Amino acid sequence: MNEHSFELLEFYRIREEAISYCLSYEGSESLLSSLPLREPEEVRLAKEETEELYRLLKDSHKLPSGSFPPIHDAIKSVAKEGSTLAVEELWAIGTWSQAYSSFLHWLSATEHEAIKKSVAAAPELMEVQKTAFHIIGPDGELKDIPELRAIKDRIRKINQEIERLSASFFMDEATRGLLQSDVPTQRDGRTVLAVKAGAKSRFKGIIHELSATGQTVYIEPEILLSKNNELVEEEARYQRELFRLLREASEKIRKCLPMLHDARELVARMDAIYAKARYSIKNNGVFALVSSGGIELLKARHPILGSKAIPIDLFMPDGARTLIITGPNTGGKTVSLKTAGLLAMMNQYGLAIPAAYGSALPIFDGVWADIGDEQSMDQSLSTFSGHMKNIAEIVKQASGNSLVLLDELGSGTDPEEGCAIAMALLDLFISRGSLCLVSTHHGILKNFGYTKESVLNASVDFDKDTLSPTYRIVMGIPGESRALDIASRNGLSPELIEGARQYLKDERSDISALIKSLSAKHRELDSIRSEEKKRLKEAREEQRKADLRELKLRQKEAELRNQGVSELKNLLSESRKTLENLVREIREEELTKEKTQEVKDFLSKLDTEVKEAESKADMFVKHSKPVLPGSGRIEAGSAVLLLPGRRRGLVLRSAKGGKWLVETDALRLTVDEADMELTEALPNKAPMVSVENAASRSSKAVLELDLRGYRLADALVALERQLDAAILAGLYSFSVIHGTGEGVLQAGVKSCLSSYAAVKSFHYARPEEGGHGKTIIELGN
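Residues numbered from 1 in each chain as written. Predicted model: local features only at pLDDT ≥ 70, side-chain atom pairs only at ≥ 80, totals over all residues. Heavy atoms only, no water.

Right, let's get into the sheet that holds strand S15 (residues 639–642). Strands sit in the order S18-S17-S16-S15-S19 across an open sheet of 5 strands; the sheet is antiparallel. Only two strands of the sheet have a single partner each, and these edge strands are strand S18 (667–672) and strand S19 (676–678). Between one strand axis and the next, the sheet turns by 45° as a mean value, whatever way the strands run. Of the pairings in the sheet, the one linking S15 to strand S16 (residues 647–654) comprises 4 bridges and is antiparallel in character. The residue bridging Ala639 from the neighbouring strand is Leu650, located in S16. (Pairing = 2+ DSSP bridges. Helix = DSSP H or I, 4+ residues; strand = E, 2+ residues; numbered from the N terminus. Axes fitted to C-alpha atoms, helices over the stretch in contact; angles between N-to-C directions.)

In this description, a pair of aromatic rings is defined by centroid distance and the angle of the planes. Here the structure, examined in full by the defined rule, presents 12 aromatic pairs. An aromatic cluster is present here, built from Phe68, Trp96, Tyr100, Phe103, Trp106 and Tyr274 joined pairwise through their rings. Over the ring of Tyr218 we find Arg187; its NZ or CZ atom is 4.0 Å from the centre of that ring. The cationic tip of Lys276 hangs over the ring face of Tyr349; the distance from NZ or CZ to the ring centre is 4.5 Å. (Phe/Tyr/Trp six-rings, centres within 6.5 Å; stacked < 30°, edge-to-face > 60°. Lys NZ or Arg CZ within 6 Å of the ring centre and 35° of its normal.)

The next subject is the side chain of Arg254. Counting through the fold element by element, Arg254 comes out in helix H11 (residues 222–255). Residue classification places Arg254 among the buried residues on the basis of a relative accessible area of 9%. Side-chain polar atoms of Arg254 contact the backbone oxygen of Val78, separated by 2.7 Å. At 2.7 Å, the side chain of Arg254 and the backbone oxygen of Ser83 are in polar contact. (Buried < 20%, exposed > 50% of the residue type's maximum accessible area, 1.4 Å probe, protein only. Polar contact = N/O pair within 3.5 Å; in protein donor to acceptor, adjacent residues only side chain to side chain.)

Size it by volume and the largest pocket reaches roughly 1,400 Å³. For the lining of the largest pocket, the secondary-structure elements that each account for two or more residues are helix H4 (40–60), helix H6 (87–107) and strand S23 (774–779). If one sorts the elements of the lining of the largest pocket by residue count, H6 sits on top with 6 residues. Residues belonging to the lining of the largest pocket are distributed by class as follows: 17 nonpolar, 10 polar and 6 charged. (1 Å grid on protein atoms, 1.4 Å probe; cavity = no way out; pocket = protein on both sides within 12 Å on 5 of 7 lines; lining within 4 Å. Points joined across faces, edges and corners; volume = space filled by probe spheres on them. Nonpolar A, V, L, I, M, F, W, Y, C, P; charged D, E, K, R; others polar.)

Attention now moves to the packing of H11 against helix H12 (residues 257–282). Where H11 meets H12, the axes come as close as 4 Å, and the angle between the chain directions of the two elements is 60°. As summarised for this structure, H11 and H12 are arranged oblique, according to the angle between their axes. Facing H11, whose interface residues are Ile253, Arg254 and Lys255, H12 presents Leu257, Pro258 and Leu260. (Parallel < 35°, antiparallel > 145°, perpendicular 65-115°, else oblique. Contact = heavy atoms within 4.5 Å.)

As structure tokens, this is what we get:
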């Protein structure tokens, strides 16, 4: 890749837009000095990191807080031994350190191994923040610290005394008329009076200045002289004390410079990745898959065109190395070439590309382009000479793993000679194995696409009815230039158009007819393919509906089972009452033949009702079992679910009485066929050993804990488990719903949170989110 290709394909504009999403000066500089990568492993890692922050931004729905003021000059200044930072520089370093800590906290949610390691190894800058904000507030103003407070109080009192003495001159009738102004003024930091020139002898004091007109004399009266001197002394003392504090703070910051250096390097790297992720989201990009050699761009859009971009599909199979695109002017040939080249650069820069999911690109060691008018008046180059100079450089640099983009190849000179040069160039790039995308109007190059095994033809589609391009790339078919149609549409007279057609009649071969025939066949294939896609979509919809019906059936099964259990409980309850009454009567009275018969009748009736319930349940199970595709009756080796618990098992062999021997976990059971349901066999998996801590088995942290309906003791146990689990899971904020009611739960939750050491703060939710019935909890150190 060279500077010329980056400019032609407008990569620098993409980089500038990505830089605009940087949070820091360090990130901006990092992106500004970076270019697309060439090594496959480096590209893979760059895309993985961008994709991880892309996911983090999508999942969190919030951006890192804080801002990174430029601290480059401040760091250079404090690095010099004995130097002292200015207030503004100290504030910038402190604010930068705060933003750095916030950025690290945001990054801590990542699951990417390399980023996690970088964050874990990041230096801690709390000492820098403590040093800076001991003197300066977050707004950049000096704090009211004890070291300066006494001096400031003395300065304030002296100023009040100066104001009182000055006011006496304006209140005295004898002196008020001699003054040019009714308020005192300042000269060189000292309070003076603006006296009329003719009355200067009436005031004892020091003359500081004369106005330009000579009408006003600025005099410092004797009674103000000592107070002004005191004020100057106190202000000097204040500056000396402030300088001492800044010098001490600068010494502390100087000791932290190695950590600041490491922190800036980390911010430069992570902020660059963050900016790429923000840009990728802004442009609705997807991360391209890695292709082994071909190109597949689906619904690809040129990112600079924005909403005006018309999506294109571009496909080159692995075996093809050259694609020749033909068709009318303004049909989109050049834009297609630029889109492919720019998206390849963006992919290797670690960005998501504006295309549909499934797009795939190989990793190129260079993207070389010759696009547009290369004419140069300064260098005395014609259009053709400019193209040849650029192509000669490409020939020197392009390898078998390069992407070469050649626009209007063979143009700008004699058509016959231009075609000869074009074919020789394509032969060279094919022999090297370079992947070439070429646009042209030359008919001979269209034939060239059919004579070479690794060369494909394509065209930009043209609506013959409206005489306008559709900007759709049609693979496998060369296109016509449509020059006469476009000329007619743009105002060329019908007589001239007809004359041109007469010249073409005798010269033109049957290529045009062949192209039209191929175009018709291609449209027919497109229609068939669209119909197939439609049928596939309908089949998937039918499958979805069938799955939904099966789900509803299973839900109904569960509902009916619950209903059956309820009815059985009722039956047992009523039967127990009846039996208890009979037993009591037998105990209390004499056992008679009638009593004995009554008990026997009851037991017989109970037995009949139980058998009827069993029969109904068996019939329902038999008719409600789902039929798996390709499954038949149960046999040895079948995977089954044991009802009603739906425990998985494997049928070993048949047993007596129409039953089956089934192995489940470590047990072997004899089960009736009605109590089994066929299921799909699980794939064989290698044995796995997992280790988990006790906390992860007992409970998991949730974003919102609902305690409504709990007794107070149970609610407090659940809350403590949630707090422990949240700390282990790194969940620093969650909410608890306790309702209002009589206030017992509310008070218990408040008491528990107040005594829990890891709770940083807690407060009621906003009214629209639950108000006093919901508490928001923040965890921290």
